[in-house]
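Chains, contacts and geometry: an overview
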Amino acid sequence: MKRFLDWLVADTVYFRTFMFLAGGSIIGVLAWMLSGDRPEEWWVWLVIGGFGLFGLTLVLIPLLASDQRFERSLDLMADGGDIPVLAFFVLVAFVAIPITASIRYLKRHGA
C-alpha cells in the first residue's frame, strides 16, 4: 500500500487532477442548481458567486500554475478543513486515481 501511495504522489499529476475534478464538480453542481428556478435575493447570488469563484479557482490553479506555485497552494489549502468538505474530496479522490493512472500511462507510451 505504501508503494502505491508513493507512486500516486510522486509528482503533482494526482493533486492537479484531484483539484481540477473538485473545482469542476463545484461548478457543475452550481450550474445544475441554476438551471431551474433562479433565486431573486441578492445574498443567494453572493453565496453562489463565492462558491463559483472557489470552483473556478480550483479548476484554473492546476491548469495554469507552475509546480512551485501549485505546491504552495496545496500547503495553503491543507491548513484547514471541514468534515463535509473532506468527505467530498475523498469521493473525488476515487475518481482522480484512475484518471491519474491513465494520464501517466499515456505520457509513458507517447500518446
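Residues numbered from 1 in each chain as written. Predicted model: local features only at pLDDT ≥ 70, side-chain atom pairs only at ≥ 80, totals over all residues. Heavy atoms only, no water.

1. Some remarks on the pattern of salt bridges
Basically, it comes down to this: Salt bridges are defined as contacts in which a side-chain nitrogen from Lys or Arg sits within 4 Å of a carboxyl oxygen from Asp or Glu. We count a stretch as a helix when DSSP gives it H or I for four or more residues in a row; a strand needs E for two or more, and each element gets its number in order from the N terminus. Relative accessible area decides the class of each residue, using a 1.4 Å probe on protein chains only: under 20% of the type maximum gives buried, over 50% gives exposed, and in between gives partly exposed.
Evaluated as defined, the whole model comprises one salt bridge. Note that Asp-67 is salt-bridged to Arg-16, the shortest N-O span being 2.8 Å. Residue Asp-67 is found in helix 4 (residues 67-77), and its partner Arg-16 is found in helix 2 (residues 13-34); the two are separated by 51 residues along the sequence. On the basis of relative accessible area, Asp-67 is assigned to the partly exposed category, the value being 45%. The class of Arg-16 is buried, set by a relative accessible area of 15%.

2. Focus: the environment of Phe-70
Short version of the rule: The criterion used for residue contact is that any of the two residues' heavy atoms lie within 4.5 Å.
Considering the arrangement of structural elements, one finds Phe-70 in helix 4. Linking Phe-70 and Thr-12, residues 58 residues apart in sequence, is a C-alpha distance of 8.2 Å. Excluding its chain neighbours within four sequence positions, the residues that come into contact with Phe-70 are Thr-12, Phe-15, Arg-16, Met-19, Ile-61, Pro-62 and Ala-65.

3. What about helix 3 (residues 42-64)?
Defined as follows: How far a helix is expected to stretch is found by multiplying one less than its residue total by 1.5 Å.
In this model helix 3 runs 32 Å from its N-terminal to its C-terminal C-alpha over 23 residues, within 8% of the 33 Å that 1.5 Å per residue would give. Listing the buried residues of helix 3 in full gives Val-44, Ile-48, Gly-55, Leu-58, Val-59 and Pro-62.

4. A short note on the nonpolar core
The condition that has to hold: Nonpolar cores were defined as sets of buried Ala, Val, Leu, Ile, Met, Phe, Trp, Tyr and Cys residues, with membership established by side-chain atoms within 4.5 Å.
Judged by nonpolar contacts, the single largest core of 16 residues is most densely connected at Tyr-14, Phe-18, Ala-22, Ile-48 and Leu-58. Mapped by element, the contributors of at least two residues to this core are helix 2, helix 3 and helix 5 (83-108). With seven residues, the top contributor of residues to this core is helix 2. Contact partners of Ile-48, with chain neighbours within four places excluded, come to Leu-30, Leu-34 and Pro-39.

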